[in-house]
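Given next are the chains, with one letter for each unit.
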Amino acid sequence: MGMKRYSAFAIAKGAMSWHQNWERAWRSPAPKAKYDAIIVGAGGHGLATAYYLGKNFGITNVAIIEKGWLGGGNTGRNTTIIRSNYLQDPSAAIYEKARSLYETMSQDLNYNVMFSPRGLLMLGQTEHEVRGYKRTVYANNLQGVETRWIGPAEVKKLVPIINIDGPRYPILGALYQERGGTARHDAVAWGYARACSAMGMDVIQQTEVTGVKTEGGKVTGVETTKGFIGCDRLGMVVAGHASVLAEMAGFRLPIESLALQAMVSEPIKPAIDVVVMANTVHGYMSQSDKGELVIGGGTDGFNNYTQRGSFHHIEETVRALVETFPIISRLKMLRQWGGIVDMTGDRSPILSKTPVDGIFVNCGWGTGGFKSIPGSGWAMAELMARGSSPLTEEFSMYRFREGKFIDESVAAGVAH
Amino acid sequence: MSTRLSKGGRLIDRSKPMGFTFNGKRMQGYQGDTLASALLGADQMLVGRSFKYHRPRGIVASGAEEPNALVGLGQGGRFEPNQRVTTTELFDGAVTESQNHWPSLDFDVGAVNDKLYKFFPAGFYYKTFMFPRAAWKHVFEPIVRQSAGLGKVPTARDEDRYEYAYGFADLVIVGGGIAGLTAALSAGRKGQRVWLIEQTAHWGGRAPVDGVEIDGKPADEWVRTAVETLEKMENVTLRLRTMASGLYDHGYLLAYERVADHTPGDGRPRHRLWRMRAGHVMTATGAIERPLSFAGNDVPGVMLASAVRDYVANWAVSPGDRTVIVTNNDDAYRTALTLLEAGLAVPAVIDARPEAKGALPEAVRARGVRVLTGHGVAKVKGAKRVTGVSVCMQAGEGAEIETIACDAIAMSGGWSPVVHLWSHCGGKLTWDEDHAMFRPDPTRPATGADGAAMVTAIGSANGMLRAADAVADAHMAAGSEGTAPKAVSAEEAPMSPVWIMPEGAGPALRMKMWLDYQNDVKVSDVQLAAREGYESVEHTKRYTTLGMATDQGKLSNINGLAVLSDALHQAIPATGTTTFRPPYTPISIGAIAGEARGEIFQPLRKTPMHDWHEVHGAHWEPVGQWRRPYCYLRTGEGVHDAVNREIRAIRNSVGLLDASTLGKIIVKGPDAGRFLDMLYTNMMSTLAVGKCRYGLMCTENGFLSDDGVVARLSEDTWLCHTTTGGAERIHGWMEDWLQCEWWDWKVYTANVTEEYAQVAVAGPNARKVLEKLGGMDVSKDAHGFMEWREGTLGGFRARVYRISFSGELSYEIAVPASEGRAFWDALLAAGEEFGVTPYGTEAMHIMRAEKGFIMIGDETDGTVIPQDLNLQWAISKKKTDYLGKRAQERSYMVSPDRWKLVGLETLDGSVIPDGAYAVADGVNANGQRNMQGRVTSTYYSPTLNKGIAMGLVKHGPDRMGEVLDFPVDDGKVIKARIVDPVFYDKDGEKQNV
């Protein structure tokens, strides 16, 4: 297979022929009768799982089946934040794995995903919050995650447009992860898809899985809108619809889906270089390379799949951010949308074997989906290839039965 | 050149000139002008630079669809970037500046990108800037960021104010053109509560400019009469300058009223954001004209044909002296007629259709204008301004036939209904082959809770592009009440879709055909995306940035997806559209925030004693929406000293704490006891009237969520105290269970937190202070520990609880909130001889830690069960169930390896930092250092004169005396010994005296 490498030189060469000769970033093949592994869901997590199956374990007879267009779910609807300053050990491990893989992703995939470790601040605005973040710093230092606590003066230096003095919630300091940041969300899906395709994997879009076939407690393939496709191993990586797929295979998952609200402003010249999260007042903000302020807030208080924006969270978030960054009052909201987050009982993901032999499930990332993509794919590939992975060990779907929760709500009121 | 004509202009008042500046240059317009018409009137066609190539950009449209003409408006606290000049009304003294260039609009260094355009095709940044790795963050990204973005960053705090308002209507009609007015007349006559809102400052929409006649009168006159009629209807509300920004579920409509944008600083709120509930919504939002894709269609001077006639008819501004019309439909000929009537030259009409024989083309021919059918534009001449157009055959590859000198080009590619609002809540579209446009599919509207249509599209927004059809459609949709207005306009022959001009244009021309003017997306870019496999319309949008600019693709989307469909060899409806998201046009963030800023950013809850605290040196701490004194600072005193002073005063004599913020919830009814037994881990139904009991509440997952003292007030009434931050949450939690699960239980709850002022009087002299106040018997015998009594104290009606969170003799006294301040003053006076000391939250926290009492939020964090905190004594063994019980029986919950509560004492007496972890040997499977415990509360104890802490430690209670390592900052390790968590008065003698 192979792919033509992207580079400045390749673009110069393309210019000579009016860019008429670029090859497809990924092929669009018809499905084969059988694959060693099928991944359902060509979002970031599904594509990353396939990529590492090939790259780390040499399993390349793989199909990634997608109901719509690749990267069209939450991969393309989030606020692109990358951080790993989680509190609990299993979370810190997998998110830091992801963050470290983001560092070299552009080079690994030969696709510029624009990972920008611009730094990420979580503001402490009450004594209680300050204590929580200091705790996170201590935990992170033992977990190998580089974070530190900084005072208000350093916060102001990093974010000149911030209002330190309140009056309602003066900024007492911040949990600072210098190597946290953002990346271009669509590019992550596209880069993985291109790399998977180059390894000979089939990315099959516009194909819906309608049934899961098992024989003697073992998976044999999936029914799709393009017919039956056989497989030895099946990875379900479909976020909010995981419970629907699980039902096809005869088991249940503890997943609820909620709409998470986000918006962008009109583009302006550089105003803020870092990502700022203000959990006491409920809002977070960064600025994209295009110049838009990317703003996120809370989840709706009711379960739904609508992917529509509702307004009350936008209000709450915008108030919080006008208070934190007064100059944004005279900017304008360009677009608002809702992304669907799949939530488990402890707000941590499920990466797990299932009651059906050969079926593995990866879902429940909630508000942490984008930042975890490469780590999730890496771990899921190991789980599918070897049957276990230290990174997924604690994220089993059976933990709810044991009460062995991985609860991060401690560390972040509004998670993102 | 562009100029102000000597007469005409239906919207301007020449008797009221207004001065303004553009890039420092003084200019003049008239009242009624938009900034766009005023700029054009002053011959300022070039107004900005594009996003990517920094190409010169001129005004292209006359309304909300304008992609190019954005300026910085105002100064200081009234500066706003990215103001669209076509929708900004001119005001006297306006200061404007162009954007996205350096050093100047005329000479922009960034325009070098344009020379290199061949190297910057769509998505070039995904293919490069990857080496060396660090260069993205340190070199390329800063360059990209600096050259991207549009307007400048505001630097000052906003000087304006904004407000919310609420509206309710049976019917909201969006758009005050002739369709909207017609619908309002019909619905108004039927007696419905109607709101008619219009985003511009004028009623009537396009009809007056397009020469429509209604009921035998010119449109202007009919509109005036219609508005007068509507104004007389009490059930009809009319609002100009009000745009429907978004439609949400259940008829929730957001309308953005620009109250004072045109009269800045007049004291009124700048914007008002209406949150409306609409029984039904009608979108009479009109249609937007599409550009044509020909090489150089972005050169300043190339405008929409409808915009050109708007400028002439509405504001008496001519975009050019010689305007060539390029079209694929009859409507654009109206522009030719308008120009001719104003005495301006129309050298030619270039019509892509093989023939043009309708009434309008014939009228234009009759005026002696050349009409070149079957022709197209090969290329526009000029850089910062159109100087001519070279003409080719539409069917060919662009070979130049002739060049026509001109200084403006009016183009029309047909019209697209404005379907945004229709689509926001799920309304679907259908492809109309005749007009090559998407229009609302009436069989698939957005539906309300009852399953019926929530939205109806009317008029041209419904695809009825002819005035007669639009008016008839609107009248019928609104119930056909009264006589239907009859509109007459010129007949039009069918349009013919033209997506590329000329048809056979090669790559060089296609790289010069703009689709998205602001983001610099060209026909070639969309074709490249398709070639590379970005086939979904969403992929193409995201890969090329088509339609992602501040106009959100109002001009570019349909043209772009037609090009994409062609590249994919599929029909346009098979490609589909991207999602229409609110807002329709951007709305100010200030308006969304409204009045909620500064002190009133959130409601500030104040106890009755709040003002006293303020005057007496309170160092405030926000707790929920309350503010509580952390401590009271005396002159020259630091926080730490104040806290220690307060603690010593209580331990030695007596102190007062304003405990009014504690949650107080009344639970009442025949099933109240049974309900509380389910809610709390303890047994509350057996609590005797007159007694108090400390209770714990857990989530269904078993985790401790709140605690507090419960008092039984009467046979069927309990009063539950919650934490300050927990009151609303716990009240909601109670109602959740009562309304969703135990709806047949007879229990009523009321959150009475703010009904009472509550004061803790704590310390060895507490009783003496109360006795001095006089009234009810507070002696040990009459009022034992964990009992409450009602009576009077110092003449105040009081409910007195003998409970203690400090470990001292303590009374918590509730009085009616209205008497709180007086009671507080009375306590201070009575306590004066004992040196009574008001104390804050920090003293309270430290004293409870000295006593080993847990604090919700410190010892608990959502992962801790009561058993972890050695609180088994507060868990009833008699009960078969309570919320959390079953969860607490799960295997991991009963594991002996869970971390449990202990006290911690540093070997050197120092204070362990908050949040420190105790390490164990080795690392785990993921290479993380093993841990065996953590600090949950840590303080300097002035009572014991050393650091004390509480923490959770693996097997902790079995390891008394062991020393743990807590690595802290800078490689330092603090050693602390595991001890009993009760540091002070272990037997509880002091609180029982």
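Calculation rules
Sequence order as written defines the numbering, with residues in each chain counted from 1. Each chain gets a letter, beginning with A, and each ligand a number, beginning with 1, in the order they are written. Where local features are concerned, this predicted model is filtered to residues with pLDDT of at least 70; where side-chain atom pairs are given and counted, the filter is 80 or more; whole-chain, interface and lining totals use all residues. Side-chain descriptors were evaluated using all non-hydrogen atoms of the structure, hydrogens and water having been removed beforehand. Helix and strand definitions here come from DSSP, where helices need a minimum of 4 consecutive H or I residues and strands a minimum of 2 consecutive E residues; each element is numbered from the N-terminal end. Burial classes: relative accessible area under 20% of the type maximum marks a residue as buried, over 50% as exposed, and values in between as partly exposed (1.4 Å probe, protein chains only). Contacts were defined at the residue level, with two residues in contact if any of their heavy atoms lie within 4.5 Å. The patch calculation keeps residues exceeding 30% relative accessible area without a salt bridge and links them within 9 Å when they carry like charges or within 5 Å when they are nonpolar (Val, Leu, Ile, Met, Phe, Trp, Tyr). Shrake-Rupley sampling with a 1.4 Å probe provides the accessible areas, and residues are treated as covered by the protein chains on show and by no other component. We count a salt bridge whenever a side-chain nitrogen from Lys or Arg sits within 4 Å of a carboxyl oxygen from Asp or Glu. For our purposes a nonpolar core is just a set of buried Ala, Val, Leu, Ile, Met, Phe, Trp, Tyr and Cys residues, chained together by side-chain atoms within 4.5 Å. What fixes the domain bounds is an automatic or database domain assignment. Joining two parts hides part of their accessible area as seen by a 1.4 Å probe, and the buried area is that hidden amount summed over both. Polar contact is defined as a pair of N or O atoms within 3.5 Å, subject to the rule that within protein one atom must be able to donate a hydrogen and the other to accept it, and that residues adjacent in sequence are counted only when both atoms are side-chain atoms. Buried and open spaces are told apart on a 1 Å grid over the protein atoms alone, a cavity being a set of points where a 1.4 Å probe fits but cannot get out and a pocket being an open set with protein on both sides within 12 Å along at least five of seven lines. Residues with an atom within 4 Å of a point are the lining residues. Grid points are joined across faces, edges and corners, and a volume is the space filled by probe spheres set on the points. All amino acids are sorted into three groups, where Ala, Val, Leu, Ile, Met, Phe, Trp, Tyr, Cys and Pro are nonpolar, Asp, Glu, Lys and Arg are charged, and the leftover types, Gly among them, are polar. UniProt positions are given in the numbering used here, feature names are shortened, and annotations may be inferred rather than shown by experiment.

**Student:** Explanation requested: the side chain of A:His313 in the structure shown.
**Tutor:** Residue and element names in this part refer to chain A. In this structure, His313 sits in helix α9 (residues 312–324). Exposure remark for His313: the relative accessible area of 12% places this residue in the buried category. Not counting residues up to four positions away in its chain, the partners in contact with His313 are Gln261, Gly298, Thr299 and Asp300.

**Student:** Just to check I follow, could you spell out a nonpolar patch on the surface for this structure?
**Tutor:** Taken together, the side chains of A:Met16, B:Val112, B:Leu116 and B:Phe119 define a hydrophobic patch exposed on the protein surface, amounting to about 350 Å² of accessible area. Within the fold, B:Leu116 resides in the loop between α2 (112–115) and α3 (124–127).

**Student:** Teacher, can you tell me more about the nonpolar core here?
**Tutor:** Note on soluble globular proteins: their nonpolar side chains tend to be buried together. Membership of the largest hydrophobic core comes to 200 residues, with the highest contact counts inside it found for A:Tyr192, A:Phe325, A:Ile328, B:Ile59 and B:Phe294. Top element by residues in this core is helix α7 (residues 185–198) of chain A. It accounts for eight residues. Counting 48 residues, the second-largest nonpolar core is a separate cluster that includes B:Trp274, B:Ala295, B:Ala457 and B:Trp499.

**Student:** So what exactly am I meant to see when it comes to the domain arrangement of chain B here?
**Tutor:** As a measure of interface size, the accessible area lost when the parts come together is often cited. All names here are of chain B. Taken domain by domain, chain B holds domain 1 (3–128), domain 2 (162–287 + 417–488), domain 3 (291–413), domain 4 (498–589) and domain 5 (849–887 + 896–979). Just the C-alpha atoms count here: the centres of domain 2 and domain 4 sit 29 Å apart. The partner domain 4 presents 16 residues to the 20 residues of domain 2 that form the contact. The largest per-residue losses of area from domain 2 upon contact with domain 4 belong to His420, Trp431 and Phe438, which jointly make up 37% of the total buried on that side. Counting the contacts that link domain 2 with domain 4 gives zero salt bridges. Taken together, the connections running from domain 2 to domain 4 amount to three residue pairs in polar contact (both at pLDDT 80 or more). Secondary-structure elements contributing two or more residues to the side of domain 2 that touches domain 4 are β14 (242–248), β16 (271–283), α10 (420–424) and β28 (429–432).

**Student:** Just checking my understanding: could you explain empty space enclosed by the protein for this structure?
**Tutor:** One simple way to see leftover space: roll a probe sized like a water molecule over the atoms. With the rule as written, the count across this model stands at seven cavities of 30 Å³ or more. Space inside the largest cavity adds up to approximately 290 Å³. Around the largest cavity, the lining is made up of 24 residues, and of these B:Gly553, B:Lys554, B:Asn557, B:Ile558 and B:Phe580 lie nearest the centre. Within the residue set of the lining of the largest cavity, elements represented by two or more residues are β17 (287–289), β27 (415–417), α14 (537–544) and α15 (557–567) of chain B. The element that contributes the greatest number of residues to the lining of the largest cavity is α15(B), accounting for four residues. Residue composition of the lining of the largest cavity, by class: eleven nonpolar, nine polar and four charged. Structurally, the lining of the largest cavity is a two-domain feature, drawing no fewer than three residues from each of domain 2 (162–287 + 417–488) and domain 4 (498–589) of chain B. A volume near 110 Å³ is recorded for the second largest cavity. Lining the second largest cavity are 13 residues; nearest its centre among them are A:Arg335, B:Gln552, B:Asn557, B:Thr579 and B:Phe580. Taken together, the residues that form the lining of the second largest cavity break down as three nonpolar, six polar and four charged.

**Student:** So what exactly am I meant to see when it comes to the domain arrangement of chain A here?
**Tutor:** All names here are of chain A. One can read the domain layout of chain A as domain 1 (9–80 + 185–254 + 346–401) and domain 2 (117–179 + 256–344). Computed over C-alpha atoms only, the centres of domain 1 and domain 2 are separated by 30 Å. Contact residues are listed per partner, giving 20 residues for domain 1 and 18 residues for domain 2. Carbon and sulfur atoms make up 51% of the area that domain 1 and domain 2 hide from each other, which totals about 1500 Å². If you sort the residues of domain 1 by the area they bury against domain 2, Arg77, Thr79 and Arg347 come out on top, with a joint share of 41%. Taken together, domain 1 and domain 2 are joined by zero salt bridges. Run the count over domain 1 and domain 2 and you get eight residue pairs in polar contact (both at pLDDT 80 or more).

**Student:** When you look at the UniProt feature "domain: FAD/NAD(P)-binding" (unreviewed entry) in chain B in this model, what are you seeing that I'm missing?
**Tutor:** As annotated by UniProt and renumbered to match this structure, "domain: FAD/NAD(P)-binding" (unreviewed entry) occupies residues 170–422 of chain B. Between the C-alpha atoms that bound residues 170–422 of chain B there is a distance of 17 Å. The span itself is 23% helix and 35% strand.

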